[in-house]
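Overview (structure and organization)
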Amino acid sequence: MKILFKNIDMPGLTSLSVYEGQGGYQSFKKAFAQKPEEIVEIVKASGLRGRGGAGFPAGLKWSFLAKDVFPRYLVCNADESEPGTCKDRELLEKNPHLLIEGMILTSYACQVGTAYIYYRGEFQHAADLMDKAIEEAYAKGYLGKNIMGSGMDLDLYTHLGAGAYICGEESALLNSLEGRRGEPRLKPPFPAVEGLYAKPTVVNNVETLSAVPWIISEGAEKYAAIGTEKSKGTKLVSVSGHVKKPGNYEIVLGMSTRELIYDLAGGIRDDNKLKAFIPGGSSTPMLPADKVDVGYDYESIQAAGSMLGSGALIVMDHTVNVVEATLRLSYFYMHESCGKCTPCREGTRWMWQILGKLQAGIGTNGHVDKLLDICDNMSFKCFCPLGDAAVGPVASSIKNFRSDYEELVKKLQGGAVSV
Amino acid sequence: MFTFTPEDEKQIEKIVGKYPVKRSALLPLLTLVQRRDGYISPEAMKAIGGKLELSPAYVQSVMSFYTMYHTHPTGKYIILFCHNISCQLNGADDLLAYTSKKLGIDVGGTTKDKKFTLHREECLAACSGGPMMRVNDVFHENLTTAKIDKILDSLA
């Protein structure tokens, strides 16, 4: 079942004519014959959830827009920066028109007149491709004034950030788009009430918006029939790490993680033993090999003790020292903490330093307990979700792989390392 | 002396026109200047601020938040070498050390001929193609020492 990756490798798909030849831009007639509110209801009924990480129902998010307040903005979050995640880049580089079509439909539903795509700064190439695609869409009358005689006006622009993971958090993204430091904002007010330029704003991920054309063309029921009871539709999963065939795979939600690793991604390299996997991107708790049969959907992964997140499955074989992997993840969050709030700014650095000691063989069991203490002092106590994201790998690695820590501690006690 | 060229002025007008509030053009203008000059000087900060009615101090405060802006001249080619989890699992540390040795510079350094600047990077969204590096705007995936040699040696 391919919705987003249908024709993804077709040569020339980035051009409007090839995209149209594959049935692209055909959803407008159906959409414009209905009222904007009806489109919101369709997306609600489809069960489409945000694909950026939080998994919040997309249609519901749209329905929270402050009533009768204009102008409104739509911002596409293309700040893909969570380690393990590389699905949006593939969509952006190979099928830009799909996102444009999704953004036009979403703008119609949400009565938006100006929309932006916020790219992480390193995606210059993808943004250049998109600028060309947008130009073609304007020339064809799909963007601009009175689109296809519908009376709807829409301007769509690309915007590049400049290197900051935190800008993937929607309120930090909006600050960055306003020409400020990319620090998160206090919520409420949520962007749907006061977002870009303090106006009602919808922020959605690339993959979420790219799913909208199919839902409008094929109908909400058809989309809702795919997947599990609460996790509807298909999901792009970036599989990386120790697998034979790493890559982005579009799966029906609910597929077993085993199938994803062993069938789609070809199994573990050198037929090694699976040790651990991170199911949904670096911030989601890592799970031990015995959870590999978990269904790849929001609810099942949560029940197993982790999260589906952005859909980035990172696979580690038995050769991995979990402490070393955690140290690297911890460095990431220390590096990317924006510094606005104390528990995150100090906690991420402290965790990284302690993990460094443990990895160097000069840590004690007291250090491991201290890590758990810091996790406890950060969980739900930071200004934005980055703090919780930093806790994910550390707390889960200790919970599931404490023996890896203890082995390193034993080295010290055994006198193998002199302090 | 920092000046905008007539071509820059055209670009700036186009960029500023994208937003209802001028300040939004700050990151794009910083990027425009950096792509032209390789870095952003104090004079450039002042000039950009002048275009957008922002103080040089404000420009610097925003600029310093983002890792991609340079305040000093860099090499012609900027190498961002990913070392985070997916790339790490597939040997990025050894390949980064190899690249550093090949170029004769530490991470963060620039070669004497001003050709290459080497940076370690925290994930560039190419995880299923790791180990990877970005050289200027181009992503290079599934790296090996031989591939690194070929890429770097082919750059003029």
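This one's a predicted model, so the numbers in the text were calculated from it and none came from an experiment.

Another point: the sheet that holds strand β2 (residues 114–119) of chain A. Residue and element names in this part refer to chain A. Taken in spatial order, the four strands line up as β3-β2-β1-β4 in an open sheet, and their pairing is parallel. Edge positions in the open sheet fall to β3 (155–160) and β4 (201–205), since each of these has one partner strand only. Adjacent strand axes in the sheet meet at a mean angle of 20°, parallel and antiparallel pairs treated alike. By the bridge criterion, six bridges tie strand β1 (residues 73–78) to β2 in an arrangement that is parallel.

Before going further, it helps to spend a moment on the domain arrangement of chain A. Residues and elements named next belong to chain A. Parsing chain A into structural domains produces domain 1 (16–224), domain 2 (234–317) and domain 3 (322–412). Here the C-alpha centroids of domain 1 and domain 3 sit 35 Å apart. Residue-level contacts link eleven residues of domain 1 with ten residues of domain 3. Taking both partners together, domain 1 and domain 3 bury about 890 Å²; carbon and sulfur atoms supply 75% of that area. Considering only the side of domain 1, the residues that lose the most area to domain 3 are Tyr 165, Ile 166 and Pro 184, jointly responsible for 54% of the buried surface there. Between the two partners, domain 1 and domain 3, sit zero salt bridges. Our enumeration of links across domain 1 and domain 3 arrives at two residue pairs in polar contact (both at pLDDT 80 or more).

This part covers helix α4 (residues 56–63) of chain B. Residues and elements named next belong to chain B. Among all positions in α4, only Val 59, Val 62 and Met 63 are buried. Projected down its long axis, α4 carries its buried residues within an arc of 100°, all on one side. Next to the buried residues of α4 lie α2 (26–37) and α3 (42–52).

As a volume, the second largest pocket reaches approximately 820 Å³. If you go around the second largest pocket, you meet 37 residues; those closest to its centre are Gln 34, Met 68, His 70, Ile 78 and Leu 80 of chain B. At the level of elements, α13 (322–336) of chain A together with α2, β1 (77–82) and β2 (116–121) of chain B are the ones that each hand at least two residues to the lining of the second largest pocket. Among the elements that make up the lining of the second largest pocket, the one with the highest residue count is α13 of chain A (four residues). Tallied by class, residues from the lining of the second largest pocket come to twelve nonpolar, 15 polar and ten charged.

So, about the sheet that holds β2 of chain B. All names here are of chain B. Judged by pairing direction, the sheet is mixed, and its four strands sit side by side in the order β2-β1-β3-β4 without closing on themselves. Each edge of the open sheet is held by one strand with a lone partner, namely β2 and β4 (138–140). Strand after strand, the sheet turns through a mean of 20° between neighbouring axes, direction not considered. Looking at chain direction, β1 and strand β3 (residues 133–135) are connected through three bridges and run antiparallel. By the bridge assignment for β3, Ile 79 is matched with Val 135.

Once that is clear, we can look at empty space enclosed by the protein. Where empty space is left becomes clear once a probe the size of a water molecule has been rolled over the atoms. Residue and element names in this part refer to chain A. For the structure shown, the criterion picks out one cavity of 30 Å³ or more. Each pocket or cavity is described by its volume, and for the largest cavity that value is around 60 Å³. What lines the largest cavity is Ile 166, Pro 184, Ser 337, Cys 338, Gly 339, Lys 340, Cys 341, Cys 344, Phe 383, Cys 384 and Leu 386. Residues of the lining of the largest cavity, tallied by class, amount to eight nonpolar, two polar and one charged.

Further remarks concern the pattern of salt bridges. A full pass over the atoms with the stated rule returns 37 salt bridges over all chains. Here Arg 23 of chain B and Glu 178 of chain A are joined by a salt bridge, their closest N and O atoms 3.7 Å apart. Of this pair, Arg 23 of chain B sits in the loop between α1 (6–16) and α2 while Glu 178 of chain A sits in the loop between α8 (170–177) and β4, each in a different chain. Here Glu 7 of chain B makes a salt bridge to Lys 10 of chain B, at a shortest N to O gap of 3.8 Å. One end of the pair is Glu 7 of chain B and the other is Lys 10 of chain B, both in helix α1 and three residues apart, which spans about a single turn. Lys 10 of chain B gets classed as exposed once you look at its relative accessible area, which sits at 58%. A cluster of three or more residues bridged by salt bridges with shared partners is formed by Lys 61, Glu 169, Glu 170 and Lys 187 of chain A.

The rules behind the values
Residues numbered from 1 in each chain as written. Chains lettered and ligands numbered in written order. Predicted model: local features only at pLDDT ≥ 70, side-chain atom pairs only at ≥ 80, totals over all residues. Heavy atoms only, no water. Pairing = 2+ DSSP bridges. Helix = DSSP H or I, 4+ residues; strand = E, 2+ residues; numbered from the N terminus. Axes fitted to C-alpha atoms, helices over the stretch in contact; angles between N-to-C directions. Domains from an automatic or database assignment. Contact = heavy atoms within 4.5 Å. Buried area = accessible area lost by both parts, 1.4 Å probe. Salt bridge = Lys/Arg side-chain N within 4 Å of Asp/Glu carboxyl O. Polar contact = N/O pair within 3.5 Å; in protein donor to acceptor, adjacent residues only side chain to side chain. Buried < 20%, exposed > 50% of the residue type's maximum accessible area, 1.4 Å probe, protein only. Arc of directions from axis to C-beta. 1 Å grid on protein atoms, 1.4 Å probe; cavity = no way out; pocket = protein on both sides within 12 Å on 5 of 7 lines; lining within 4 Å. Points joined across faces, edges and corners; volume = space filled by probe spheres on them. Nonpolar A, V, L, I, M, F, W, Y, C, P; charged D, E, K, R; others polar.

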